[in-house]
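One letter stands for each residue in the lines below.
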Amino acid sequence: MRRIHVGNALSAFGLGFTVPYLYVYVAQVRGLGGMTAGLVLAVFAVAALIVLPFAGRAIVRRGPRPVLLVALVLAAVGALSLGLAGSAGAVLLSAAGLGAGQAVMQPALATMIVECSTAETRSRAFAMQFFLQNLGLGVGGLIGGHLVDTTSASSFTLLFGIEAAMFLVLAGVMATVRMPHSPAIGDAPSQSAKGAWKQLLGNRAMVQLSVLGFVMFFACYGQFESGLSAYGVEAAGISTSALGTALAANTAMIVVAQFAVLKFVERRRRSRVIAGVGLIWALAWVTAGYAGLGHGSQEMATAAFVSTYALFGLGEAMLSPTVAPLVADLAPEGMAGQYNSAFALVKQLALAVGPAVGGPLGASLPGPYVVMFLVFSLGISVLAVRLGRQLTAVQDQPWRAKGSLVVARGAAEPVGVDV
């Protein structure tokens, strides 16, 4: 588990070098224009949507580590090629490779964490993963900002080279990991991909969690760098430096609060924790409304906008030890890879739709924009409470597993009935 966490932090560190500067690199440094830069961002999402339906099946059949190693090599080649590409075609092809590799990494790493943890330690393991991801992204972005030079393409080649090296270092670390034996369900090797998806869609709790996940990612993560930033600049008059401060406040909140929050959520019902996040994010949208639609000073508007991102970070810190372990506990034995990939697919869909809807709305209709996402946040609370009725007592309250003789995975019984 320690090796998995170290490798995960290194890959996030590499991503932090390039993610904030990708648009500038393609549009300005390579001189390919804003349309090509927009297409590159779209290619990341499309590549993920193409490979994720197959990634889960591959993880179930081959195990998470071999799939992860292939994804890391593909991502490293894509990152290095992107740093050297000079034409639109080469940039788009490189972005497709990098996007596909990154997309498969997420469910593969999640499945490795599931197989190296128990029901009692899983929440803490995913909290540590999320903490290290944000720390790595923040540190990488900070260092990358000092290395980058928009007048020199070679400085960006260096950044993408560092990112590729981090992927290969992670591959080297993962190659030394000895995974515990995790037997698959009896019919997994012979079951068709269609049958596996049919089985997943027959799990009512997983379907409800997927719907809930789409709303969460659409209303929060899908707005960070599109709708919410456009709203802040256009409606609240936020400067680019203040926008950077808001993003830093989000990361800082996660890094500072993650383990304090963990102690709180570990003994709470997962469905109630998610419902609480919906209320916190509703407060965040109310604060954002004050920043852009209130009549306070510019200083007050900026402070409110920064607080909005910090409140989102608090909600994210509560979700990290809650949602991913719940996905794992809903999966039948041996099917964690399939379920992790399905949930990652839902996330990618939300991240693709969120900016497309939020960006234009946040810039042109600030009032309806805030109201719409305030309603979505309250909807998270409603959906979470409904989900709680589909979970077993142990799935919703994992600490009860210590007092249970058997913990059933993948089944759903009314809460209050010990399994």
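Check the entry above for the structure.
Residues numbered from 1 in each chain as written. Predicted model: local features only at pLDDT ≥ 70, side-chain atom pairs only at ≥ 80, totals over all residues. Heavy atoms only, no water.

Side note on the pattern of salt bridges
Within this structure, the stated rule accounts for 3 salt bridges. Here Asp329 ties to Arg122 by a salt bridge, and the two come within 2.8 Å at their closest N and O atoms. In this pair, Asp329 sits in helix H14 (residues 323–330) while Arg122 sits in helix H6 (residues 122–147), placing the two residues 207 residues apart along the sequence. Here Asp329 and Arg122 have matching classes, each one buried. Between Arg270 and Asp329 there is a salt bridge, with its nearest N and O atoms 2.8 Å apart. (Salt bridge = Lys/Arg side-chain N within 4 Å of Asp/Glu carboxyl O. Helix = DSSP H or I, 4+ residues; strand = E, 2+ residues; numbered from the N terminus. Buried < 20%, exposed > 50% of the residue type's maximum accessible area, 1.4 Å probe, protein only.)

Describing the packing of aromatic side chains
Scanning the model with the defined rule gives 17 aromatic pairs in all. Residues Phe218 and Phe376 carry aromatic rings whose centres are separated by 5.1 Å and whose planes lie at 65 degrees to one another, so their mutual orientation is edge-to-face. You can see Phe218 sitting in helix H9 (residues 204–219) and its partner Phe376 sitting in helix H16 (residues 366–388), a full 158 residues away along the chain. Residue class for Phe376 comes out partly exposed when judged on its relative accessible area of 29%. When the ring of Tyr231 is compared with that of Tyr369, the centres are 5.9 Å apart and the planes differ by 35 degrees; the resulting orientation is tilted. Highlighted residues: Tyr231 in helix H10 (residues 227–234) and Tyr369 in helix H16, separated in sequence by 138 residues. Per residue, the accessibility class of Tyr231 equals that of Tyr369, and both read buried. Taken together, the ring pairs connect Phe214, Phe217, Phe218, Tyr221, Tyr231, Trp281, Trp285, Phe312, Phe343, Tyr369, Phe373 and Phe376 into an aromatic cluster. (Phe/Tyr/Trp six-rings, centres within 6.5 Å; stacked < 30°, edge-to-face > 60°.)

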